[in-house]
Amino acid sequence: MENPPSSTPWKRRSFWVVALGEIREVPQKWHRVERLYTKSTAQQIASDLRSSHRRRPDGVRVKGILPGERWDARSEPSPEGPKDQYAIWVMFLGPRG
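Residues numbered from 1 in each chain as written. Predicted model: local features only at pLDDT ≥ 70, side-chain atom pairs only at ≥ 80, totals over all residues. Heavy atoms only, no water.

1. Notes on the overall build of the chain
What counts is decided by this rule: Here a strand is any run of E in DSSP of at least two residues, a helix any run of H or I of at least four, and the numbering for each starts at the N terminus. To sort residues, take the accessible area from a 1.4 Å probe on protein chains only and compare it with the maximum for the residue type: under 20% means buried, over 50% means exposed, and anything in between is partly exposed. Contact criterion: two residues are considered in contact whenever any of their non-hydrogen atoms come within 4.5 Å of each other. Only the protein chains shown count as cover for residues, and the accessible areas themselves come from Shrake-Rupley with a 1.4 Å probe.
From N to C terminus, the chain includes 2 helices and 3 strands. When the helices and strands of the chain are placed in sequence order, the string is α-β-α-β-β. Overall size of the chain, expressed as C-alpha extent along the three principal axes, is 55 × 40 × 25 Å. Here the chain holds 97 residues, and the buried ones make up 30% of them. At a minimum sequence separation of 6, the contacts of the chain that also span at least 24 residues come to 61%. Accessible area of the chain: about 7,100 Å², with a carbon and sulfur share of 51%.

2. Focus on the environment of Ala-42
Checked against the element boundaries, Ala-42 lands in helix α2 (residues 39–51). Here the alpha-carbon distance between Ala-42 and Ala-73, two residues 31 residues apart in the chain, equals 9.8 Å. The contacts of Ala-42, once residues within four sequence positions are left out, are Tyr-37, Ser-75, Tyr-86 and Ile-88.

3. Focus on the confidence of the model for the chain
As a reminder, the rule being used: Across the chain, each position has a pLDDT score giving the predictor's confidence in that residue, from 0 to 100.
Taken as a whole, the chain shows an average pLDDT of 90; of its residues, 92% reach a score of 70 or greater. Across the chain, the element-wise mean pLDDT spans from 95 in helix α1 (residues 15–24) up to 98 in strand β1 (residues 31–32).

4. Topic: the sheet that holds strand β3 (residues 86–95)
To keep it simple, the criterion reads: We call two strands paired when DSSP finds no fewer than two bridges between them. Only C-alpha atoms enter the line fits that serve as axes; for helices the fit covers just the stretch in contact. Angles between N-to-C directions range over 0 to 180 degrees.
Taking strand neighbours across the sheet as the criterion, the 3 strands line up as β1-β3-β2 in an open arrangement whose pairing is antiparallel. Looking at which strands have only one partner, the edges of the open sheet turn out to be β1 and β2 (69–77). Bridge count between β2 and β3: 9 bridges; the pairing is antiparallel. Bridge pairing links Glu-69 to Pro-95 in β3. Its contacts with the sheet place α1 against β1, β2 and β3, and it is angled at close to 55° to β3. Against the sheet, α2 engages β2 and β3, with an angle of about 160° to β2.

5. What about the side chain of Ser-78?
What counts here: Residues adjacent in sequence count toward polar contacts only when both atoms are side-chain atoms; beyond that, a polar contact is any pair of N or O atoms within 3.5 Å, and within protein one must be able to donate a hydrogen and the other to accept it.
Here Ser-78 shows up in the loop between β2 and β3. Ser-78 sits in the buried class, given a relative accessible area of 8%. A distance of 3.1 Å separates a polar atom in the side chain of Ser-78 from the backbone nitrogen of Gly-81.

6. Digging into unusual backbone geometry
Excluding glycine, a negative phi dihedral is what most residues carry, and trans is how most peptide bonds are arranged. A positive phi angle is found at Gln-28, which is not glycine, with a value near 60°. Tracing the backbone through its elements, the reader meets Gln-28 in the loop between α1 and β1. Non-glycine residue Asp-84 carries a positive phi angle of around 65°. Structurally, Asp-84 is set in the loop between β2 and β3. For Asp-84, a relative accessible area of 55% gives the class exposed.

In structure tokens form, the structure reads like this:
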């Protein structure tokens, strides 16, 4: 039996860490998140993103937001998704200033 090749350990990354990292690369532009949510969940996530700059770093509820960043977000019914599913649109506004 052969041993597998050694490599760096696999690191699990939150969906939101990856998504916000990609959005951060193109600031001041709306990006649609590639997941659908119920209305209440989408509204809560959008609200958490918009208010994250007011929270202490250990109180931010969406992973991937860095201290002092400002985000805008909104939720809307998904036009092509299943009924009653909502999409979240996110814009990186930059550091708090």
